[in-house]
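Remarks on the overall topology
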Amino acid sequence: GSVGPDCRGSEHSVELIWSGASGKRRVLIDGRDAYVGVATNRSTMRFDQTFPLDGREGGENHVLQIVAYYNVPLGERSLVETQQGRMFR
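Let me begin by describing the structure that accompanies this report. On a predicted model such as this, the values are computed, not experimentally measured, just so you know. Along each chain, the written sequence defines residue order, and numbers are assigned to residues from 1. Residues qualify for local features only when their pLDDT is at least 70, as the model is predicted, and side-chain atom pairs are given and counted only at 80 or more; totals for whole chains, interfaces and linings, by contrast, use all residues. Side-chain numbers come from the whole structure's heavy atoms, not from hydrogens or water.

It is worth spelling out the environment of Ala39 at this point. Helix and strand assignments follow DSSP, with helices taken as H or I runs no shorter than four residues and strands as E runs no shorter than two, numbered in order from the N terminus. Looking at the secondary structure, you find Ala39 in the loop between strand S3 (32-38) and strand S4 (46-53). Given a relative accessible area of 9%, Ala39 falls into the buried group. C-alpha separation for the pair Ala39 and Ser19, spaced 20 residues apart in sequence, amounts to 9.9 Å. When a residue's accessible area, from a 1.4 Å probe over protein chains only, is under 20% of the maximum for its type it is buried; when over 50% it is exposed; and in between it is partly exposed.

Here it is in structure tokens:
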């Protein structure tokens, strides 16, 4: 099999922009809007959404889950998790 960079899948840029004042939230994946919304209740300080990631170069499709807190509750962590169970902070 491949080693090093040759064995990695495609890389993606993921940005979560969140205004605590207005409740507006925006997710960009690879520079394109994947989500734009406003929390209907400003006390909603948790963001939990899933997004499909297109497979590149004949690869399989993946699902990306973002779980984020505006103020992280004690004992919790903001994470980005892939369908394969890989987690990122």
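What follows continues from the structure just given.
Here we come to the pattern of salt bridges. Any two side chains of opposite charge can pair, given that their charged atoms come close. Throughout this description, the term salt bridge denotes a Lys or Arg side-chain nitrogen within 4 Å of a carboxyl oxygen of Asp or Glu. Scanning the entire structure with this criterion turns up two salt bridges. Among the salt bridges present, the one from Arg26 reaches Asp33, with a minimum N-O distance of 2.6 Å. Close ionic contact of Asp48 with Arg46 constitutes a salt bridge, the shortest N to O distance being 3.3 Å. Given the relative accessible area of 41%, Arg46 is considered partly exposed.

On the secondary structure map, Leu16 appears in strand S1 (residues 14-18). With a relative accessible area of 33%, Leu16 lands in the partly exposed category. The spacing of Leu16 and Ala68 is 52 residues in sequence and 8.9 Å in space, taken between C-alpha atoms. Not counting the four nearest positions on each side in its chain, Leu16 is found in contact with Arg26, Val27, Phe47 and Ala68. A contact between two residues is defined here by any heavy atoms of the two lying within 4.5 Å.

In short, the description is geometric, and any link to function would need to be established separately.
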